[in-house]
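Descriptive structure summary
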Amino acid sequence: GKGQYDHYMLKEIDEQPDSLANTLSGRITDDGDVSLEEFPPGTFEDVDEVQFVACGTSYHAALYGVQALENAGVRARATIASEYQTPTVDENTLAVAVTQSGETADTLSALRAAEAAGAETVAVTNVVGSSAAREADHALYIRAGPEIGVAATKTFSSQVATLTMLSHRLADDLEQGTPREDAAEFFSELEKLPEYVEQTLKTSNAKAVSERYLDKGSYFFIGRDNEYPVALEGALKFKEITYEHAEGFASGELKHGPLALVTPNAAVFALFTGRRGEGTRKNAEEAHTRGANVIGVATHGTDVGGFADATLRVPETHPDIAGLLANVQLQLVSYHTANMLEREIDKPRNLAKSVTVE
Ligand code: F6R
């Protein structure tokens, strides 16, 4: 049950230190390497391209996975499952279906299309024995535990953590791959992710920030690199449970159109936790110049700049991990905003937890 909580969503946001600890458990070695029981070293030697297929939040996790692979020199792309119509794959393609439920119809049909075209397939899923797990050649479980709220929260962070580890295995196995040089340091930081999430939850000012911008007409979320998927995810969660107009953009795209929407009636959440946070600064400043309220999301040590109207802070960690902490702050902003607006939260209108029709 919900216990002391009014909503499953907040319970599940708060569960992330535990669910992430479960996701990571036994999968990182003492010397800071990845060890996946499902995929011993050498499993993916013949792979030359990775193609993710997924929907919604899982698609955003897949985009995070693409970043990790491309940074390690591995060819990778993510396609929204319902757009995966004529896959260009061969037996050296690894198609990875990312699906919390393992039952999403669009994702299952993309998985089947990849399989029919001759790709090797993996299901990254939360549900043991789900259709995706049974139909794919391999299953990799994210171990987040049951998620009841329609909005995916803890499963997103566990998907990203899982894909980060899978990406390292791939980079290690593939000839084209150059596994990260800072692997030992990176994976010891990843192991501390549950602690960092705990700190983020304990010190969050997301409720006060939400209250301050409750009357805005639009909410924008901007970021670069692996913060781009976090921006998309922040906006999806926000629109899904608050019913307010929200959009996520790659920060560099703002000037190519969306800036026309930026007025004093907008709140812009700008992500500064990644490697290219500096690049987002100019874009956030432009939004500020147009009169929007800019809310910076940054580590404690980052100087956000005078143009920010408010700041959401996260602990200092590796920039490829900090995006997940930023995401926790954005989950809380969505939750508190929806709660103050008295929305349904756990069962938003028109939506189902698992979409089993195409
Ligand atoms: C958003 C949300 C949906 C799902 C999507 C895919 O909060 O939950 O966007 O992420 O329907 O579902 P799965 O991961 O079960 O395939």
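In case you missed it, the structure is sitting above this.
Residues numbered from 1 in each chain as written. Predicted model: local features only at pLDDT ≥ 70, side-chain atom pairs only at ≥ 80, totals over all residues. Heavy atoms only, no water.

1. Overview of the sheet that holds strand E9 (residues 293-299)
This is how the line gets drawn: Note on pairing: DSSP must find at least two bridges between two strands before they are called paired. For helices the rule is a DSSP run of H or I covering at least 4 residues; for strands it is a run of E covering at least 2, with both sets numbered from the N terminus onward. Axes, fitted as lines to C-alpha atoms, cover a helix only where it is in contact. Angles between the N-to-C directions of the axes lie from 0 to 180 degrees. For this analysis, residues touch if any pair of their heavy atoms sits within 4.5 Å.
Taken in spatial order, the five strands line up as E7-E6-E8-E9-E10 in an open sheet, and their pairing is parallel. Pairing within the sheet leaves two strands with one partner each, and these edge strands are strand E7 (245-250) and strand E10 (310-314). Averaged over all adjacent pairs, the angle separating strand axes in this sheet is 20°, with direction ignored. Running over the sheet, helix H12 (residues 319-340) touches strand E6 (218-223), strand E8 (266-271), E9 and E10 and is turned about 130° from E10.

2. Details of the site of the ligand
Condition: Note on definitions. A residue lies near a molecule or strand when any single heavy atom of the residue is within 4 Å of it. By the criterion applied in these results, polar contacts are pairs of N or O atoms within 3.5 Å in which, for protein atoms, one can donate a hydrogen and the other can accept it, and in which residues neighboring in sequence qualify only through two side-chain atoms. In short, Shrake-Rupley with a 1.4 Å probe defines the accessible areas, and a residue's cover is counted only from the protein chains shown. Amino acids are sorted into nonpolar (Ala, Val, Leu, Ile, Met, Phe, Trp, Tyr, Cys and Pro), charged (Asp, Glu, Lys and Arg) and polar (every other residue, Gly among them).
In the neighbourhood of the ligand, 14 residues make up the surrounding shell, with Ser58, Thr99, Gln100, Ser101 and Thr104 lying closest. In the model, an oxygen atom of the ligand is placed 2.7 Å from a nitrogen or oxygen of the Thr99 side chain. Between the ligand and the protein, one listed contact pairs an oxygen atom with a backbone N or O atom of Ala152 at 3.0 Å. A total of 410 Å² of accessible area belongs to the ligand in isolation, and the protein chains cover 90% of it. Elements supplying a minimum of two residues to the shell around the ligand: helix H3 (56-71) and helix H10 (227-242). The residue inventory of the shell around the ligand, partitioned by class, reads five nonpolar, seven polar and two charged.

3. Side note on the packing of aromatic side chains
This is how the line gets drawn: The criterion for an aromatic pair is that two Phe, Tyr or Trp rings (for Trp, the six-membered ring) have centres within 6.5 Å, with stacked assigned to planes under 30 degrees apart, edge-to-face to planes over 60 apart and tilted to the rest. Partly exposed describes any residue whose relative accessible area lies between the buried limit of under 20% and the exposed limit of over 50%, with all areas from a 1.4 Å probe on protein chains only and scaled to the type maximum. Whether a charge sits over a ring depends on NZ of Lys or CZ of Arg being within 6 Å of the ring centre and within 35 degrees of the ring normal.
Counted under the stated rule, the structure contains seven aromatic pairs. Ring geometry for Tyr219 and Phe238: centres 4.4 Å apart, planes at 40°, overall tilted. Taken as a pair, Tyr219 in strand E6 and Phe238 in helix H10 lie far apart in primary sequence, 19 residues in all. Just as Tyr219 is buried, Phe238 falls in that class too. Pairwise contacts between aromatic rings join Tyr219, Phe221, Phe238 and Phe269 into one cluster. A cation over an aromatic ring shows up here: Arg281 above the ring of Phe272, its NZ or CZ 5.5 Å from the ring centre. A cation over a ring is seen here: Arg349 above Tyr243, with NZ or CZ 3.8 Å from the ring centre.

4. Quick word on the layout of surface pockets
The criterion, for reference: In this analysis a 1.4 Å probe is tested at points of a 1 Å grid over the protein atoms alone, and where it fits but cannot get out there is a cavity; an open set with protein on both sides within 12 Å along at least five of seven lines is a pocket; lining residues have an atom within 4 Å of a point. Grid points are joined across faces, edges and corners, and a volume is the space filled by probe spheres set on the points.
Volume-wise, the largest pocket comes out at about 560 Å³. Contributing to the lining of the largest pocket are 26 residues, with Cys55, Gly56, Thr57, Lys353 and Val355 lying nearest its centre. Mapped onto the lining of the largest pocket, the elements with two or more residues apiece are H3, strand E3 (93-99), helix H4 (105-116), helix H6 (154-173) and H10. Of the residues forming the lining of the largest pocket, the biggest block, four residues, is contributed by H10. The residue inventory of the lining of the largest pocket, partitioned by class, reads eight nonpolar, 12 polar and six charged.

5. Description of the pairing of strand E4 (residues 120-125)
The cut-off we apply is this: For crossovers, right-handed means that the path from the first strand over the helix to the second runs clockwise, given strands pointing away from the viewer.
With five of six residues buried, E4 lies mostly within the body of the structure. In this structure, E3 lies alongside E4, joined through six bridges in parallel fashion. Residue Ala97 lies in a different strand from E4, and its bridge partner there is Ala123. Taking the sense of rotation as the criterion, the β-α-β connection linking E3, H4 and E4 turns out right-handed. Pairing between E4 and strand E5 (residues 138-141): four bridges, direction parallel. Across the sheet, Thr125 pairs through a bridge with Tyr141, a residue of E5.

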